[in-house]
There are 2 protein chains.
Amino acid sequence: MPIPTTPMSTPPAPVPARRKRSQAAAPGVSPVATDTRSTLVPEHWIAAATEVLVDEGIDHVKVDLLATKLNVTRGSFYWHFRDRQDLLRRVLQSWSEATTRQLTRRLETAHTDDPLQQLRDVISLPFRGRAAARAARIELAIRAWARRDAMARQAVDDGDAARLAYHEQIFKALGFDDHEAAMRAFFLYSYEVAESVLSRQGTASQKQQRSAFIERLVRARLP
Amino acid sequence: MPIPTTPMSTPPAPVPARRKRSQAAAPGVSPVATDTRSTLVPEHWIAAATEVLVDEGIDHVKVDLLATKLNVTRGSFYWHFRDRQDLLRRVLQSWSEATTRQLTRRLETAHTDDPLQQLRDVISLPFRGRAAARAARIELAIRAWARRDAMARQAVDDGDAARLAYHEQIFKALGFDDHEAAMRAFFLYSYEVAESVLSRQGTASQKQQRSAFIERLVRARLP
């Protein structure tokens, strides 16, 4: 089974041109929360930018505001990034990599000999607690951005295509022919997207029922 | 069959406090495109705000920018609206009314004695040409806004609930029990939402195939 990957290449993270004496964070304390003037890595900027993207939208992701948020000078941004566009590219890349990693891990750990288990794994995705909710919020924010930005749209399209391909593999493994597998993959993925977009429709118990029902429906052989 | 409505009430459009000599637009020319200084009605502002919302996002919907766009003074805005928030409320109300109108028209004209025809009508919704594409773009923009705004979220939630209720009625009319109807309604609506969110996945011909397949799938009796 081919591992779906997003086409976006993954250049190694650039090494900061200058870096002052490294200052280890206290145990249990997030490095971002400490005085990070000297210990910031690109990932701190990417995480902060993603947070602002989710909470306030792409138009609020600005270098000077992020610098203030991270308690560093605006200039230090340029140790890591060419410009704002470069940061935005890395935000998308980070999201794409997380998507790819998730699919890869799923393929490695998942019961490849048991496609029904894989199907259930995929169906339960929207309900995996706070991490899933956080991932869904990031994804919706990136989709909103992608409506008006070609670079974001490309990342989203690639991510969707990779996940659809993974879903398709599951249905083929369940014995459906190529056409049926492609159709069912789209409907199952539609359901997952909708559980995120329509997350405020229905109670937790109704969502459980939907989740059980979708499994029966996408496995149903049509007359 | 109850007509699903959005709970948002519909106060009559306020009459402009002052209005200069009415100036009829040339035939075939949109009134917005003419010198509208003297003929602007609230709907012009609402349409302009909706356009900016779709093209640039909610943060760019600003009274002074809209006034420039409409070629009128900023002050004339206050003939029609209390403030920006009031305009935003009317943008949502206008969208909600369009949603309700669409459902009502569907109930009136649709073959209420032929639920299968109603089902096909709903399934073909995402593919109704430019008007449908425009409606989808507005809706996605409002969904993006609703991620960060309680008032927009309420409008979106109400619209989703109304349409889910309509879908449910169709499945009941097709002979499914309440539980089955609710489940299938969610699944079918998921598909419609996804054809909008995932509109870049698949060719026109594949979309046709998905559309034909979903009809078979949501009508299938489960073992």
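Conventions we followed
Throughout this document, residue positions are counted from 1 along each chain, in the order its sequence is written. Think of it this way: whatever chain is written first is A, whatever ligand is written first is 1, and the rest follow in order. Local features in a predicted model are, by the rule used here, given only for residues with pLDDT of at least 70; side-chain atom pairs are given and counted only at 80 or more, and totals for whole chains, interfaces and linings are based on all residues. We call a set of buried Ala, Val, Leu, Ile, Met, Phe, Trp, Tyr and Cys residues a nonpolar core when their C-beta atoms link them within 7 Å. Three exposure classes are used, all based on how many other C-beta atoms lie within 10 Å of a residue's own C-beta (placed from the backbone): buried at 20 or more, exposed at 12 or fewer, and partly exposed between those limits. Helix and strand assignments come from DSSP, with helices taken as H or I runs of at least 4 residues and strands as E runs of at least 2, each series counted from the N terminus. Our contact criterion uses C-beta atoms placed from the backbone: two residues qualify when those atoms are within 7 Å. One less than the number of residues in a helix, times 1.5 Å, gives the span that helix is expected to have. Domain delimitation in this document rests on an assignment produced automatically or drawn from a domain database. Amino acid classes used here: Ala, Val, Leu, Ile, Met, Phe, Trp, Tyr, Cys and Pro are nonpolar; Asp, Glu, Lys and Arg are charged; the rest, including Gly, are polar. Under this scheme, a helix contributes an axis fitted over its contacting stretch, all axes are lines through C-alpha atoms, and angles between N-to-C directions fall in the 0 to 180 degree range. Angle categories are assigned with fixed cut-offs, so that under 35 degrees is roughly parallel, over 145 is roughly antiparallel, 65 to 115 is roughly perpendicular, and the rest are oblique. A clockwise turn of the near helix away from the far one marks a right-handed crossing, whereas an anticlockwise turn of less than a right angle marks a left-handed crossing. We place the copies in one frame by least squares, fitting the C-alpha atoms of every residue whose pLDDT is at least 70 in both.

Overview of the nonpolar core
1) Next: Core analysis: the largest hydrophobic core is formed by 48 residues, its most contacted members being Ala49 of chain A together with Ala49 of chain B.
2) Next: Of all the elements in the fold, those that place two or more residues in this core are helix H1 (42–56), helix H3 (84–109), helix H5 (129–146) and helix H6 (150–173) of chain A together with helix H1 (42–56), helix H3 (84–109), helix H5 (129–146) and helix H6 (150–173) of chain B.
3) Next: Once you skip the residues sitting within four places of it in the chain, alanine 49 of chain A turns out to touch Val61, Leu66, Leu87 and Val91 of chain A.
4) Next: Ala182, Val197 and Leu217 of chain A together with Tyr189 of chain B belong to the second largest nonpolar core, which has 42 residues in total.

Let's talk about H3 of chain A
Residues and elements named next belong to chain A.
1) Next: Between the first and last C-alpha of H3 there are 37 Å, a value that for 26 residues agrees with the 38 Å anticipated at 1.5 Å per step.
2) Next: Among all positions of H3, only Leu87, Leu88, Arg90, Val91, Leu92, Trp95, Ser96, Thr99 and Leu103 are buried.
3) Next: Considering only its buried residues, H3 is in contact with H1, H5 and H6.

Comments concerning the domain arrangement of chain A
Residues and elements named next belong to chain A.
1) Next: When cut into domains, chain A gives domain 1 (42–79) and domain 2 (100–219).
2) Next: Taken over C-alpha atoms, the centre of domain 1 sits 30 Å from the centre of domain 2.
3) Next: When grouped by side-chain class, the residues that make up the side of domain 1 that touches domain 2 number three nonpolar, one polar and no charged.

So, the packing of H6 of chain A against helix H7 (residues 178–197) of chain A
In a pair of packed helices, the angle between the axes and the distance between the axes together describe the arrangement.
Residues and elements named next belong to chain A.
1) Next: Two elements in contact, H6 and H7, have axes whose closest approach is 8 Å; the angle formed by their N-to-C orientations is 125°. Relative to H7, H6 is oriented oblique. Pair H6 / H7 crosses with right-handed handedness. Residue-level inspection shows Arg163, Leu164, His167, Glu168, Phe171 and Lys172 of H6 in contact with H7, the latter providing Glu180, Ala181, Ala182, Arg184, Ala185, Phe186, Leu188 and Tyr189.

Here's the deal with the relation of the copies chain B and chain A
1) Next: Between chain B and chain A, which share one sequence, the superposing operator has a rotation angle of 180° and an axial displacement of 0.0 Å; the RMSD is 0.0 Å. In symmetry terms, the pair is related by a two-fold rotation axis.
2) Next: Of the interface residues in chain B, 100% have counterparts in chain A that sit at the interface too, so the contact is made through matching surfaces.

Considering the packing of H7 of chain A against helix H7 (residues 178–197) of chain B
1) Next: Their axes nearest at 8 Å, the elements H7 of chain A and H7 of chain B cross at an angle of 90°. Taken together, the axes of H7 of chain A and H7 of chain B lie roughly perpendicular to each other. On H7 of chain B, the residues touching Phe187, Ser190, Tyr191, Val193, Ala194 and Val197 of chain A of H7 of chain A are Phe187, Ser190, Tyr191, Val193, Ala194 and Val197 of chain B.
2) Next: Classifying every residue of the contact of H7 of chain A with H7 of chain B gives ten nonpolar, two polar and no charged.

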